Amino acid sequence: MNETLLSQELQKMYEKYYNENSCKFQHECMEGLCDKRIKFCCDKVKLGEQYGKDPHMPKIVCVGLEGKYGKCENEVIKSISSPSDEVWNPHYKGVRYVLAYLLSSFANKEKPENSRKNTLIEYQDTISQYALTNCYKCAFGGPTKVRGLEHSKAMQRNCQEILFNEIDILQPDVLIIQIVNNKPTNFWENIITRYGGIERRIDDDKNTNNTSVYELKHTSGKPFLVVWTYHGTWLRFHGEEYRRQKLNPVLDATLEKLNEYGFKAD
């Protein structure tokens, strides 16, 4: 499915949840929050213009905790945009490192040696190959508050429903989840229930769901890989010890499994 058709299918799905000014769950999700000021709502996937176009390239979707739209207030996200190739905040550098490590093998490039900007800039083309989404679709709090945002129980439940619909449409070969703290209640259990019943762990750092890779199945029966990593803002993420001893072995195991799926690395 090309990008235009994917965007249309995603927009059609979003119309079930979002109207012109809010999400249908908004009032329910606001209950119990200490600060009910809306930072932004109705977040949507950022879809790379080359996502899914090359059958030799695995489709990768990254999932973060929530979007970031500057010091916004009451902003409604209207459209599906492309992932930024200009942002260099610590989380996004973590995303870009994992993308570069996985996709370099299919583009006849050496894997990145570190997650510094001057290294990752050489892998700019990977930005167009993936899709970026977030676990939470709305954010509440003052315009200057960017960390430790509140998530009500209703948000945890309702945002998962929208996220799983995004995954079903995008049909990734690799789903990268960069969330360790503040995961929604029963998030992993719900993923397992929806995508195959029993997970198959391929490799991990012996600390469940901090850095690991599992094999699950889409509702269509197509296998895919779920890769958990720490959030890119985690200080050790950008240190050599974590990358070489924990993260890179899990990414290498992911590449080996992709090879079994028919994606042949150079």
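Heads up: the structure comes first, above all this text.
These figures come from a predicted structure and were not determined experimentally.

Engineer: I tried to follow the overall build of the protein on my own but got confused; where do I start?
Structural biologist: Of the regular secondary structure elements, the protein holds seven helices and 10 strands. For the protein, the C-alpha radius of gyration of 18 Å lies close to 18 Å, the compact-globule estimate for 266 residues. Reported as C-alpha extents along the three principal axes, the dimensions of the protein are approximately 50 × 40 × 35 Å. The 266 residues of the protein split such that 55% are buried. Long-range pairs, those at least 24 residues apart, make up 75% of the contacts in the protein with a sequence separation of at least 6.

Engineer: Got a minute to help me understand the nonpolar core in this structure?
Structural biologist: The nonpolar side chains of a soluble globular protein tend to be buried with one another. Core analysis: the largest hydrophobic core is formed by 49 residues, its most contacted members being L170, I177 and F187. In terms of residues, this core owes the most to one element, helix α5 (residues 153-170), which gives nine residues. Excluding anything up to four places from it in sequence, L170 contacts L6, L10, V45, L47, Y51, K59, V61 and A131. Judged by nonpolar contacts, the second largest core, of 34 residues, contains M57, I127, I176 and L258.

Engineer: Would you mind going over empty space enclosed by the protein with me for this structure?
Structural biologist: Empty space among the atoms can be located by rolling a probe the size of a water molecule over them. Tallied over the full model, the rule gives one cavity of 30 Å³ or more. Volume-wise, the largest cavity comes out at about 70 Å³. Lining the largest cavity, in full, are Y18, C23, F25, Q26, C29, K137, C138, F140, M155, N158, C159 and I162. Elements that contribute at least two residues to the lining of the largest cavity include exactly α2 (26-30) and α5. Broken down by element, the lining of the largest cavity gets its largest block of residues, four residues, from α5. Here the lining of the largest cavity is built from residues that sort into nine nonpolar, two polar and one charged.

Engineer: How should the pattern of salt bridges be read in this particular structure?
Structural biologist: As a working rule, side chains carrying opposite charge can pair if their charged atoms are close by. Under the defined criterion, the tally for this structure stands at eight salt bridges. A salt bridge links E260 to K257, with the shortest nitrogen-to-oxygen separation between them at 2.9 Å. Of this pair, E260 and K257 both sit in helix α7 (residues 240-260), three residues apart, roughly one helical turn. Residue class for E260 comes out exposed when judged on its relative accessible area of 58%.

Engineer: Could you clarify how one ought to interpret the environment of F224 in this entry?
Structural biologist: Relative to the assigned elements, F224 resides in strand β10 (residues 223-228). Classification of F224 as buried rests on a relative accessible area of 0%. Placed 10 residues apart in sequence, F224 and Y214 show a C-alpha to C-alpha distance of 8.4 Å.

Engineer: Is there a simple way to think about the packing of aromatic side chains in this case?
Structural biologist: The way to describe two aromatic rings as a pair is by their centre distance and the angle between their planes. One pass over the structure, following the stated rule, counts 10 aromatic pairs. Judged by centre distance (5.4 Å) and plane angle (10°), the rings of Y14 and Y18 are stacked. Exposure remark for Y14: the relative accessible area of 1% places this residue in the buried category. Judged by its relative accessible area of 8%, Y18 is buried. Both rings, one in Y17 and one in F25, keep their centres 5.9 Å apart while their planes meet at 40°; by these two values the pair is tilted. Like Y17, the residue F25 is buried in the burial classification. A network of ring pairs unites the aromatic residues F187, W188, Y214 and W228 as a single cluster. The lysine or arginine in question, K44, covers the ring of Y14, its NZ or CZ lying 5.6 Å from the ring centre.

Cut-offs used in this document
- Residues numbered from 1 in each chain as written.
- Predicted model: local features only at pLDDT ≥ 70, side-chain atom pairs only at ≥ 80, totals over all residues.
- Heavy atoms only, no water.
- Helix = DSSP H or I, 4+ residues; strand = E, 2+ residues; numbered from the N terminus.
- Rg over C-alpha atoms; globule rule 2.2 N^0.38 Å.
- Buried < 20%, exposed > 50% of the residue type's maximum accessible area, 1.4 Å probe, protein only.
- Contact = heavy atoms within 4.5 Å.
- Core = buried A, V, L, I, M, F, W, Y, C linked by side-chain atoms within 4.5 Å.
- 1 Å grid on protein atoms, 1.4 Å probe; cavity = no way out; pocket = protein on both sides within 12 Å on 5 of 7 lines; lining within 4 Å.
- Points joined across faces, edges and corners; volume = space filled by probe spheres on them.
- Nonpolar A, V, L, I, M, F, W, Y, C, P; charged D, E, K, R; others polar.
- Salt bridge = Lys/Arg side-chain N within 4 Å of Asp/Glu carboxyl O.
- Phe/Tyr/Trp six-rings, centres within 6.5 Å; stacked < 30°, edge-to-face > 60°.
- Lys NZ or Arg CZ within 6 Å of the ring centre and 35° of its normal.

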